[in-house]
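Spelled out from the first residue to the last, the chains are:
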Amino acid sequence: MKHTDVNFDTACIHAGQEPDKLFGGVSVPIFQSSTFAFEDADQGAARFSGKDSGYKYTRIGNPTNAALEGCIAELENGTAALATATGMAAISTVFMTFLGAGKHAVSTGSVYGPTRTLLEREMARFGVESTFVDSSNPENIKAALRPETALVYIETPANPTLSITDIEACAKIAHEAGAILVVDNTFCSPLLQKPLDLGADVVLHSMTKFLNGHSDVVAGILVAKDAALIKKMHGVLCQMGGTIDPHQAWLVLRGVKTLAMRVKTAMESAKKLASELEKHPKIEWVKYPGLPSHPQYELAKRQMSGPGAMISFEVKGGVAAGKKVMDSVGLCTLAVSLGGIESLIQHPASMTHASMGPEARQQAGITDGLIRFSVGCEDYEDIKKDLFEALDKI
Ligand code: LCS
């Protein structure tokens, strides 16, 4: 049953899932099996030749993984999806599928640190060239295109600058140049942004974040409207080996059931916290897509159905003062990652984006004093009290 005729919150609970055919279990069973028995040798051969679509080996496909893929494909308004062991496994699969010696990629400069490092260092070893631009102005992407550009990669809102990129404009630019547009939708989740509807060819997530939402799983996913793109990436993933484990897939399925309520709760707190922070005397600046002071506030309103739960800010007194805040929080946890039910605070320049190096960070607008706050689902007053008491310690 497709769930396209129900509201998003309902689809989070049901999409891709039917009661189990054997016993009627309401929760999708965890098929914790690496391999699947064939009735006879002919059936085994038919499965490997593709004549029989039954399961054969979990690196290639598994029913629990398929339920999760069906669920996220529906939530993103795609037709097919491919779940991966981590978000980086999804990103490396898309790069290994659509890039190769002599090809060129254009990417948002401010992306998750290892994504940039993967393109800049590892893909470069295989003859792939990459150009990083401030994609908040799509003209910068256009200017960086080359005849050999095969892939345009954007992250919006970007980690950790929260810069916003116009997906529709980038899709047009990429397609005119014969390239595909890949969008990392991790910061929004499909509740707030649907890149495939805006023309993106592939949307991906670190499901470690909002989709799973409980800081207890690492996982990733790729989604497309064109199932042929997913088939191509599936072929590469099967050789590369970054398949998700079925137990992990089941945990994400369970997490997704509460996606809409978690993101809405965290976002309501983030909206209040961002405007309170902006007024606070010890704050230098706040970047949050829901504040009119955000440089792409109008675009964010148009492209996203809500401003999300991620806030970046800098305190007066720079890095030393920022460290004092991070060392002083109690309820909020000093840890990387984001999108969990717990509020998390971290320092990108020395943590998530340290691998980029100072020059790339400066070019991407990631200042040394930037603090990233992932607003969780704790009571708003408790979050505010904890953070504001930490600010008082400066
Ligand atoms: N894309 C984005 C936007 C991310 O923030 C991350 C991880 C990834 C992809 C990679 O996903 P993973 O392989 O970790 O599942 N971001 C992290 C962060 O900001 N702090 O810790 C991890």
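Residues numbered from 1 in each chain as written. Predicted model: local features only at pLDDT ≥ 70, side-chain atom pairs only at ≥ 80, totals over all residues. Heavy atoms only, no water.

What follows concerns the site of the ligand. Residues in contact with the ligand amount to 18 residues; listed here are only the nearest, D184, S206, T208, S337 and R372. Surface burial for the ligand is 93%, taken as the share of its 480 Å² of free accessible area covered by protein chains. Looking at the shell around the ligand element by element, the count peaks at 3 residues for helix α4 (residues 87-98). For the shell around the ligand, the two domains that each supply at least three residues are domain 1 (3-30 + 61-256) and domain 2 (260-391). (Near = heavy atom within 4 Å. Areas by Shrake-Rupley, 256 points an atom, 1.4 Å probe, with all protein chains shown as cover. Helix = DSSP H or I, 4+ residues; strand = E, 2+ residues; numbered from the N terminus. Domains from an automatic or database assignment.)

Our next topic: the packing of aromatic side chains. Taken as a whole and judged by the stated rule, the model has 3 aromatic pairs. Aromatic side chains F38 and F48 sit 6.4 Å apart centroid to centroid with 85° between the ring planes, which places their arrangement in the edge-to-face category. In this pair, F38 is assigned in the loop between α1 (8-14) and α2 (41-49) and F48 in helix α2, connecting sequence segments 10 residues apart. Across from the ring centre of F48, 5.6 Å away, lies the NZ or CZ of K56, which sits over that ring. (Phe/Tyr/Trp six-rings, centres within 6.5 Å; stacked < 30°, edge-to-face > 60°. Lys NZ or Arg CZ within 6 Å of the ring centre and 35° of its normal.)

We now examine unusual backbone geometry. As a rule of thumb, non-glycine residues mostly have phi less than zero, and peptide bonds are mostly trans rather than cis. Following T156, the chain continues to P157 via a peptide bond in cis, the omega torsion being -5°. For P157, the position within the fold is in the loop between β4 (149-155) and α7 (167-176). Between N159 and P160 the backbone carries a cis peptide bond, its omega angle lying at 0°. Take P160: it is sitting in the loop between β4 and α7. Although it is not a glycine, N77 adopts a positive phi angle of roughly 55°. Within the secondary structure layout, N77 lies in the loop between α3 (63-75) and β1 (80-84). The residue S189 is not glycine, and still its phi comes out positive at about 70°. Structurally, the position occupied by S189 is in helix α8 (residues 189-192).

What follows covers the sheet that holds β4. Taken in spatial order, the 7 strands make up an open sheet running β1-β7-β6-β5-β4-β2-β3, and their pairing is mixed. Each edge of the sheet is formed by a strand with only one pairing partner; in this case those strands are β1 and β3 (129-133). Averaged over all neighbouring strand pairs, the angle between strand axes comes to 20°, with direction disregarded. As paired strands, β1 and strand β7 (residues 220-224) are joined by 5 bridges and run antiparallel to one another. Within the sheet, the bridge partner assigned to A80 lies in β7 and is A224. (Pairing = 2+ DSSP bridges. Axes fitted to C-alpha atoms, helices over the stretch in contact; angles between N-to-C directions.)

Here the focus is the pattern of salt bridges. Per the stated rule, a full pass over the model turns up 13 salt bridges. Connected through salt bridges with shared partners, the residues E129, R146 and E148 form a single ionic network. (Salt bridge = Lys/Arg side-chain N within 4 Å of Asp/Glu carboxyl O.)

So, about the environment of P289. With respect to the helices and strands, P289 occurs in the loop between β8 (283-287) and α12 (297-303). With residues up to four places along the chain from it excluded, the contact list for P289 reads P157, L162, I164, H294, Y297, A300, M304, P307 and M310. (Contact = heavy atoms within 4.5 Å.)

Turning to the nonpolar core, a few remarks are in order. With 72 residues, the main nonpolar core has I311 and F313 as its most contacted residues. Of all the elements, helix α11 (residues 259-279) adds the most residues to this core, at 9 residues. Both domains that meet at this core, namely domain 1 (3-30 + 61-256) and domain 2 (260-391), each give it at least three residues. In this view, F313 contacts L277, I283, W285, V286, I345, G369, L370, I371, F373 and L387; residues no more than four positions away in its chain are not counted. Judged by nonpolar contacts, the second largest core, of 28 residues, contains A80, I91, F132 and L222. (Core = buried A, V, L, I, M, F, W, Y, C linked by side-chain atoms within 4.5 Å. Buried < 20%, exposed > 50% of the residue type's maximum accessible area, 1.4 Å probe, protein only.)

Most of β4 sits inside the fold, with 7 of its 7 residues counted as buried. Bridge analysis of strand β2 (residues 104-108) against β4 gives 4 bridges, and the strand direction is parallel. Of the residues in β4, the one forming a bridge with V106 is V152. For β4 and strand β5 (residues 180-184), the ladder comprises 5 bridges, and the chain directions are parallel. Considered in β5, the bridge of I154 is made with V183. Handedness of the crossover joining β4 and β5 through α7 is recorded here as right-handed. (Right-handed = clockwise from strand over helix to strand, strands pointing away.)

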